[in-house]
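Notes for the structure review
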Amino acid sequence: QVQLVESGGGLVQAGGSLRVSCVLRGSIFSINTMGWYRQAPGKQRELVARITDTGSTDYEHSVKGRFTISRDNAKKMVYLQMNSLRPEDTAVYYCNAEVLKDWGKSPTRHWGRGTQVTVSS
């Protein structure tokens, strides 16, 4: 069974920094794209950043230049470094990964349970 476990959320003042981490647990063949999504109260879940298995990245417009996504394939981890945080960044941040559980199988997507990030003004 594949599990994604996030850590590193918390409360920070506007202008501060946080790093959230996510580890993939379970036996898999390979990991394709990994990403971070967020959901604020009353809003839909949105993509924040994603990174492919070759290292190509993609960011939501409002976080470009402030957030950096990275991954460690050997450790099966993905990170999101968040700088210059704003109150509007407050949300539950979810880790997402597309994996191949075995050779020849179709890819499957998995979600973590989320970690709360709160930015005070």
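Summarised in this report is the structure supplied together with it. Since this is a predicted model, take the numbers as computed values, not measurements. (Residues numbered from 1 in each chain as written. Predicted model: local features only at pLDDT ≥ 70, side-chain atom pairs only at ≥ 80, totals over all residues. Heavy atoms only, no water.)

**Some details on the sheet that holds strand 1 (residues 3-7)**
With antiparallel pairing, four strands are arranged side by side in an open sheet as 1-3-8-7. Looking along the sheet, the strands with just one partner apiece sit at the ends: strand 1 and strand 7 (67-72). Going across the sheet, the axis of each strand differs from the next one's by a mean of 15 degrees, ignoring polarity. Relative to strand 8 (residues 77-82), strand 7 runs antiparallel, the two being bridged by six bridges. (Pairing = 2+ DSSP bridges. Helix = DSSP H or I, 4+ residues; strand = E, 2+ residues; numbered from the N terminus. Axes fitted to C-alpha atoms, helices over the stretch in contact; angles between N-to-C directions.)

**Examining the layout of surface pockets**
There is about 150 Å³ of room inside the largest pocket. Its residues placed into classes, the lining of the largest pocket shows two nonpolar, four polar and six charged. (1 Å grid on protein atoms, 1.4 Å probe; cavity = no way out; pocket = protein on both sides within 12 Å on 5 of 7 lines; lining within 4 Å. Points joined across faces, edges and corners; volume = space filled by probe spheres on them. Nonpolar A, V, L, I, M, F, W, Y, C, P; charged D, E, K, R; others polar.)

**What about unusual backbone geometry?**
A positive phi angle, close to 60 degrees, is found at K76, a residue other than glycine. Relative to the elements of secondary structure, K76 occurs in the loop between strand 7 and strand 8. At S84, a position not held by glycine, the phi torsion is positive, near 50 degrees. Structurally, the position occupied by S84 is in the loop between strand 8 and strand 9 (91-100). Take S84: its relative accessible area is 41%, and that puts it in the partly exposed class. (Buried < 20%, exposed > 50% of the residue type's maximum accessible area, 1.4 Å probe, protein only.)

**Re the pairing of strand 11 (residues 115-120)**
Burial along strand 11 is one-sided: T115, V117 and V119 are buried, while Q116, T118 and S120, pointing the other way, are not. Looking at chain direction, strand 2 (residues 10-13) and strand 11 are connected through four bridges and run parallel. Residue pairing in the sheet places Q13 in a bridge with S120 of strand 11. Note that strand 9 and strand 11 share three bridges and pair antiparallel. Looking at the pairing, Y93 lines up with T115 of strand 11.

**Some thoughts on the pairing of strand 1**
Remember that side chains alternate between the two faces of the sheet whenever the strand is regular. Burial along strand 1 is one-sided: the face carrying L4 and E6 is buried and the face carrying Q3, V5 and S7 is not. For strand 1 and strand 3 (residues 18-25), the ladder comprises five bridges, and the chain directions are antiparallel. Residue pairing across strands places L4 opposite L24, the latter belonging to strand 3.

**Considering the environment of S7**
Here S7 shows up in strand 1. Considered as a pair, S7 and V23 are 16 residues apart in the sequence and their alpha carbons are 8.7 Å apart. Non-local contacts of S7, meaning those with residues more than four positions away in its chain, are made with R19, V20, S21 and T115. (Contact = heavy atoms within 4.5 Å.)

**Re the state of the cysteines**
Under the defined criterion, the tally for this structure stands at one disulfide. Across the disulfide, C22 is cross-linked to C95 (sulfur-sulfur distance 2.1 Å). The sign of the S-S torsion, about -80 degrees, decides the handedness of the disulfide formed by C22 and C95: left-handed. Remark: C95 occurs in strand 9 and C22 occurs in strand 3; sequence separation between them is 73 residues. C95 carries the same exposure label as C22, and that label is buried. (Disulfide = S-S within 2.5 Å.)

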